[in-house]
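Breakdown of the fold
The lines below spell out each chain.
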Amino acid sequence: MNLFRDLGLRPTEALVLAVVEDITQTKEFLRNSAAAALGAMLPHFPEMTAQVLELLLRKYDQNVEDSKPKLDKFGRPTAESQIDSWPARRGIAAALIRIIPSLGVESHLRDTMSFLLQKPCALRDEKAPVRHDMLQVAIALINQHGKTHVGTLLAKLEEFLVTAPKTADYDVVRQSAIVIMGNLARHLDAGHPKIRPVVHQLLAALSTPSEEVQKAVGGCIAPLVVNIEEDIRQVVPNLLHVLYESESYAHRRGAAYGLAGVFQGLGIMSLKDYDIMVTIMGGLQDKKNAQRRESSLLAISMLSMGLGRVFEPFVVQAIPFLLQSIGDGNVHVRQAAEEASKAAMSQLSGPGVKLVLPALLKGLQEDAWRSKSAAIEMLGDMAYCAPRQLSSCLPTVVPNLIETLGDSHTKVQESAVSALKKIASVIKNPEVVSLVPNILTALQDPAKKTTGCLKTILQTQFIHVIDAASLALLMPVIRRAIYDRGTENRKLSAQIMASLYSLADQKDLLPYLEGILPGLKNCLLDPAPEVRLCAAKAIAALIRGTGESGFDQLKDWLYAKLVSDTNSVDRSGAAQGLAESLGVLGVPKLRAMMPDFLKIIMDIKAASYVRDGYLLVFVYLPAVFGQEFAAFISDIIPALLVGLADDAEYVRETALQCGQRIVTFFADTAIELLLPQLEVGMFDENWRIRFASVQLLGDLLYKISGASGKHTTAGLDEDENFGTDQSHSAILERLGGNHRNRVLAGLYISRSDNALVVRQAALHVWKVIVTNTPKTLREILPELFEILLDALASDLEERRQVAAKTLGELVRKLGERILPEIIPILQDGLKSPVDEHREGVCVGLMEIISSSNKETVIMYCDILEPTLTRALMDTFPGVRRAAAEAFCMLDSVVGHKILDDILPELFDKVTDPVDGDNALDGLQQIMARRSRIVLPYLIPRLTTPPVNTKTLALLTAVAGEALSKHLGKVLPSLLASLQAKMGTPEEETETGYCRSVMLSVDDEVGVSTLVETLMSGAQTEKNRLAAITLLDLFYASTKVDVRSFFVSTIRQLIRLYMNDDPVLIKKVSSAIGTLIKKTPTDVIYENVAALRTAIRAVHMELKVPCVPGFCLPDGAAVFIPMLRDALLSVPADEKEVVGQTIADLVRLSNQAGLRSSVVTITGPIIRILGDRYAPSIRAVMLDALNCLIEKCTLLIKPFVPQIQTTVSRALSDPTRSVRVKAGLVAASIAPMHPRLETLANDLLEVAKANADLGTKETSFRSLRALLTAAGAKLSAQFRSELVAVSSRYLDTEENELKNAAAGCLGAVVRFMPDDELAGVLKNQIFDTSSTDWGMQHGHCLTLGAALKEAGDKLVSETYADQTMEVILKHHTSDRAAVVVTSTRCMGLYLLHQRRTNQPLNKKLLIVLAKSFNHAATDVKQRVAEVCSQLAAAAPEPLDISELKIVVPQIVNGTKEKNSAVRYDSEMALADVLALRKDDTLLETCKAAMDSGARESLQNARKAISKSVFMSVTKLEELDETLPRF
């Protein structure tokens, strides 16, 4: 059913019937699940209740029938007899309990009770579990429906008790019926005559021998005794009499249950009224009568169970007597005391345990063995406490019990063992149960049995969780062993602790941690390595259980011991513990801490023992992390090399041990990680690190080859070696040929190291590993030169010296005959994919040229020239630079011959599509060194018309930075040439030449000059297209960072969008698009801000609704990808500006300009709105989305479902601006919404159900906008509901909510038919009967909104007079707010008449004009505003008769003391009489007025300030309910 509910599915009738079939499954969990599903589904199909009930009852009958044995003719069971499947009947009972809420019909109750009591009489089932379940069915039925059907059910039960057979086999049914009746009696009214007989029947049933019945009867009595208070005085003594005097144990027990039920109903305080505890204590102290003592203990037991924790104070009071009774001489008393103790302990609360425990522990200190034994027994009974209390008390109880195992009295020892066995009896872990005998013997004889017990525990395979009781027995053994002096016990206990943390609940382990942790710490610092290892694993297990918080507790101690200056054992143990702890916390924690470790190790200022401690951690980490540690080797090796070079010997030993450990663990699987680091270390600046790298590399090679590095090589010739072919083959096989050659090449170079110890160590390893030096050198010569070339190109002087020394050694040893071998290697080196190697080739050539005499160089010049030519065209700038240096060196030796041989080939390669750029750069490098003076000489000739563009491009392109000084002359020539060939077949070729020149400019000054020159050209008509084309080409092709030019470029190019030339706009868009693509995303926010500034500047300059260039097809599309990327990538606090930019761009564009980008930008906007961003961001995004909808309505239509989901969520947003913007979006999508009614209902539901007034207000605002957009599509039912909801808030004190509701109600009038309109006008708009000014104001606001939205209806012949009367009625209000609103209504009324060319209503006009005399300033200002509105509503002025009404009053307004009223009146006078145009209308009006009015008007005309004539009246909306966004 949970799955059905999650998926929104509904069950079917067939599914209900199918589930009924599963009720009788053999598996209990299937039966229970089917019952639960049936109970959940049946309420969906109430008509099936009778059918399902009948099916269940029939299944019970069938099961009982099928379970009966089949007999042969002799009465014997046949082979076909089936096993009784009674668990299926339990399933039927479970199903009945689940469907009881559906059995509310009287017939269902009658059938169910008949099923239980009569036929087939399920309460008489042969199986006790089934009878129990059926009784629970009956009780649940009574609890659910007893109150409503108490009469029917009670009659049914009484009838059964009268008519039921009196046979013994029906006793159980009669007893159950009495219990059911007791439960039913709780639903009778207080004082009902049936209660007393029922209670007495229940009391009589207490004599039933069945304890289950007695317990149920006691529970039924509790709620009923308050209704028979007059009989209680007799009932309690009778029960006490039976309790203490009856000879039958069952009767006494029943009386105890009865007393518990009675006082459970009467309350704890009633015990004192009947002196119950006095009687019970008296019985406990009756030493002569064992039966009375037993009965008192029965009473304590039942009262503890019945009254629960409220009985705790009496339990504490009875503890001494319970202790006595446990040691009683009568076996029945002892048994009763045991049961009473268990019952009392099981009900103790946490504070109760704290009260009882001290008394029991104090009993252990008694000298009398009986008292001590009794206290021990009760401590054992604490095993029956609730689980939470058990876990808190056992850590205290068990150690005290263990102490008593050594008591001198055997009875005390036996009691202690018995108590421990009680604790063991509640152990839930089966593996620990099997270990209990071993544990108990270890506790009794720790000296001899502890080790064996620990080994047995270790050998046990635990499957189940270890509970609190198990820990209570295990932990004393472990704790004693962990503090033992013997290494074996300490190791075993630490091993067990390592396992316990993964098997037990951490909350149960926590009480023992304080006693165990110091022992674990001691073990971690043990001299024995195996003890330290086990302790480290135990601490790791502790951290695995407690998480990083546990590590935080140990961290300070571990770090303190890690840097201990006392001995290395402490540091080693702490390092091992820290390593194991990090292994638990995982690689992320190690990765986080690794920088700190490495920093400390490599800190030369740190104490040596501190560095040693942290290095020791790396000794253990490889074993802990295994292959996961391989990723850290490259980071660790430099630190190890530093450690190996340390001044302190023990630090060097630790570093060496760490390195050897890494070699041991990773020699087979991480050679590729180790060797590169060691190779790098051999060439480190620090000689100690080089020395250590050689040592460690030697160890690795020894391990791989199987050779021993212990041979002495002192005094041998450097060509004498110990290497064998077998070791040679092993190294070759494991490392591969290339890797082996690189390692040996590094060793050979190290033989020439400046440091003596490095040379000696490298020579030693070389002699042990290498078999034949000359042969090996020939094999490794290519790799040796590869490393040498790399070293020769190094920035380190010492490394270059070593490489030169090695190269010189080779040349000295082999002489000139090596050159034919070396030069091919150098030529092959130019093919290397590694740039540094190729650069080293050129440096090597320089070394060879400088080391050889002139004759030798000239001899090999023909070989060197092709090599240099190739190097000068290399792809790597460093290679070309080095080749240029070699070129210059060769030129100084050979002369100008090399210029004639190399330069022509380079010039030929300039136009090569592959090597062209590289050849140009090679020429640039040469010119930078030799030909700087050539360029100034060539430029004037190359730029003189007619311009040879090809020659100019080829020569200037190789000039490098020297060209920057001449760009001012070169670029204008290129622009003029390109502009002349625009649109011709030669345009592409010309553009390519220009590209070559521009790409040669890569310095900051040159690029800046180039961009500025091109931007200047783009602003002129002459070369505009050429300049934009080259700018686009430069941005697309250049490799320099152009981000700094974005702002200046966008400001200039965006101005070109003020043109409507499609060709120009296309090129500008291309240039901008290219610049956007080449600009890194890390400055995207600054670029967006610059774009927004540029767009706004263009808009302010044009002052038109749309920018022409944006409105061309895809004119605005070029900006959308950048805005989309910015929207998705910038931080949350910057998304607002991006959204504003999108909105600005969309507002200034149209559907044609955005057509191809609508989908691109709409999706990300919706995605942002779906995330939890700040309200200001969501509001901006909604605004941008609304702009998109308004501009591209049809293109947005596919997104309407997603937009509706987004809007629905935003309409309930806590922030008003978000809700308002969401309402605008909802209104915008309304015309194209497929289910407009649903959208409108959602908005109305928010307004109706949401408790937040602000949310209601914005919902009404949104509804108003939606009505304006598509109100005609809404149904009459919706309009009716909208009217009802809106009307509720017309009198609210929240003005914004009132305005919104009134506006919504007024807007809906526009779409009402006449009959519907009449009712709304009568009840909501024209109703002036209310005396509440707030309601009057609400009605007046509604009238104003209706006049705004549906003026043609309200000013029609049908309602015009009535509308006028209502306005005038509101205008007489004593509330200024109502009068202001009514003034606005007058204005709306008159404006409608004026706009429709109707004569103005003179009555309203007179009242309006006289309102200038109103006391409220706001009223006067609104009158002036209405007059201005009337003047502006039509091109022709007001009629002279109308002017005679309003002008004198406006003149009076110009004389007001209030400056605001006076200013508004002057503005109104200027508007009404068209004074800003001329005085014609003024003179006409004066002629129609009497002399006094004429003079006042003339004076007013003179008094009007100049500012009035220079400004235009800002006409505000008269309908104050309209949304103000």
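Summary of the structure given here. (Residues numbered from 1 in each chain as written. Predicted model: local features only at pLDDT ≥ 70, side-chain atom pairs only at ≥ 80, totals over all residues. Heavy atoms only, no water.)

Details of the overall build of the chain
- A count of helices and strands for the chain gives 81 helices and zero strands.
- The 1525 residues of the chain split such that 53% are buried. (Helix = DSSP H or I, 4+ residues; strand = E, 2+ residues; numbered from the N terminus. Buried < 20%, exposed > 50% of the residue type's maximum accessible area, 1.4 Å probe, protein only.)

Section: unusual backbone geometry
- Phi at Asn 1397 is positive, roughly 60 degrees, even though this residue is not glycine.
- Along the chain, the position of Asn 1397 falls in the loop between helix 74 (1376–1395) and helix 75 (1402–1410).
- Even without a glycine there, the phi angle at Ala 1474 is positive, about 50 degrees.
- By secondary structure assignment, the location of Ala 1474 is in the loop between helix 78 (1459–1472) and helix 79 (1480–1487).
- Residue classification places Ala 1474 among the partly exposed residues on the basis of a relative accessible area of 29%.

As for the pattern of salt bridges
- What the rule picks out here adds up to 23 salt bridges.
- Close ionic contact of Arg 1043 with Asp 1041 constitutes a salt bridge, the shortest N to O distance being 2.6 Å.
- Given the relative accessible area of 30%, Arg 1043 is considered partly exposed.
- By relative accessible area, Asp 1041 is classed as partly exposed at 41%.
- A salt bridge links Lys 1486 to Glu 1483; its shortest N-O distance comes to 3.6 Å. Residue Lys 1486 and its partner Glu 1483 are located together in helix 79, separated by three residues, close to a single helical turn.
- Take Lys 1486: its relative accessible area is 12%, and that puts it in the buried class. (Salt bridge = Lys/Arg side-chain N within 4 Å of Asp/Glu carboxyl O.)

Some words on a negative patch on the surface
- A cluster of acidic side chains, namely Asp 1291, Glu 1293, Glu 1294 and Asp 1332, defines a negative patch on the protein surface.
- Among the structural elements, Asp 1291 can be located in the loop between helix 69 (1276–1287) and helix 70 (1295–1308).
- Note on Asp 1291: relative accessible area 34%, which makes it partly exposed. (Patch = residues over 30% accessible without salt bridge, like charges linked within 9 Å, V, L, I, M, F, W, Y side chains within 5 Å. Areas by Shrake-Rupley, 256 points an atom, 1.4 Å probe, with all protein chains shown as cover. Lys, Arg positive; Asp, Glu negative; His and termini not counted. Charge placed at Lys NZ, Arg CZ, Asp CG, Glu CD.)

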